[in-house]
Amino acid sequence: MQVSEILAVKGQALFTIAPNKTLADAVAVMTGQDVGSLVVFEGGRMVGMLTFREVLKAVQQGGAAWGSLAISDVMLREPMTAGPEMEVDELRRFMVEHHMRYLPVMDGGTLMGVISFHDVAKAVLEEQSFENRMLKAYIRDWPAEEAGKG
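Predicted model, so just to flag it, every value in this text is computed and none were measured.

Rules used in this analysis
Residues numbered from 1 in each chain as written. Predicted model: local features only at pLDDT ≥ 70, side-chain atom pairs only at ≥ 80, totals over all residues. Heavy atoms only, no water. Buried < 20%, exposed > 50% of the residue type's maximum accessible area, 1.4 Å probe, protein only. Helix = DSSP H or I, 4+ residues; strand = E, 2+ residues; numbered from the N terminus. Arc of directions from axis to C-beta. Contact = heavy atoms within 4.5 Å. Core = buried A, V, L, I, M, F, W, Y, C linked by side-chain atoms within 4.5 Å. Phe/Tyr/Trp six-rings, centres within 6.5 Å; stacked < 30°, edge-to-face > 60°. Pairing = 2+ DSSP bridges. Axes fitted to C-alpha atoms, helices over the stretch in contact; angles between N-to-C directions.

Trainee: How would you explain helix α5 (residues 88-97) if you had to name every residue and give the values?
Mentor: Listing the buried residues of α5 in full gives V88, L91 and M95. Seen along its axis, α5 keeps its buried residues to an arc of 55°; they face one direction. Opposite its buried face, α5 presents the exposed residues V96 and E97, each directed more than 90 degrees away.

Trainee: Before we move on, can you summarise the side chain of S116 with the specific residues and values?
Mentor: Examined against the element boundaries, S116 turns out to sit in strand β6 (residues 110-116). Once residues lying within four places of it in the same chain are set aside, the contact partners of S116 are K10, M95, R101 and Y102.

Trainee: Can you break down the nonpolar core residue by residue, with the values?
Mentor: Formed by 15 residues in total, the largest nonpolar core has its most connected members in V3, L91, I115 and V120. Sorting the residues of this core by element identifies α1 (3-10), α5, β5 (102-107) and α6 (117-140) as the ones contributing at least two each. Counting 13 residues, the second largest nonpolar core, distinct from the first, contains M30, L38, V55 and I71.

Trainee: I'd love a proper account of the packing of aromatic side chains, names of residues and values included.
Mentor: Going through the model one piece at a time under the given rule, you end up with one aromatic pair. Seen from their ring centres, F52 and Y102 are 6.1 Å apart, and the 90° between their planes marks the pair as edge-to-face. Of the two residues, F52 is situated in helix α3 (residues 52-62) and Y102 in strand β5; the sequence distance between them amounts to 50 residues.

Trainee: Before we move on, could you go through the sheet that holds strand β4 (residues 76-77) and cite the residues and values that matter?
Mentor: Two strands in a sheet stick together by hydrogen bonds in their backbones, pointing the same way (parallel) or opposite ways (antiparallel). Read across the open sheet, the four strands follow the order β1-β2-β3-β4; overall the sheet is mixed. Only two strands of the sheet have a single partner each, and these edge strands are β1 (16-17) and β4. Examined bridge by bridge, strand β2 (residues 37-42) and strand β3 (residues 45-51) share six bridges and lie antiparallel to one another. Bridging from a neighbouring strand, V39 pairs with M49 of β3. Along the sheet face, α3 touches β3 and β4 and points at about 65° away from the line of β3.

Pasting the structure below:
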């Protein structure tokens, strides 16, 4: 299974924010859309990533003024990315090794979506469930003459 297949199942909803917006703006979008990350876009290109991890760090460091902090001051700059052809096993390993819960998927300079670790886990479970059903159906439909040999 490839990253592009996970994105196809997940859908193409992208949640972005501009770097000059405030952290309060970002939190409003994240809670309103029930997402854990936003891709930061400026001039039609990705310039960063904001996840709940960066939000919490900014809240802790910014004190009472956290909401007025600019996204550009707290975002993760030049985040690592995955390609749409990356295999899920490689993606899982990559996300675990780099402690990433959210990973933008880029096809050249085009943002295809964001994969969460939850999306990966769900895809793996669904793939295993499908394989399990296929194996059970194969065993159940085993030809009678083959079953008696051996």
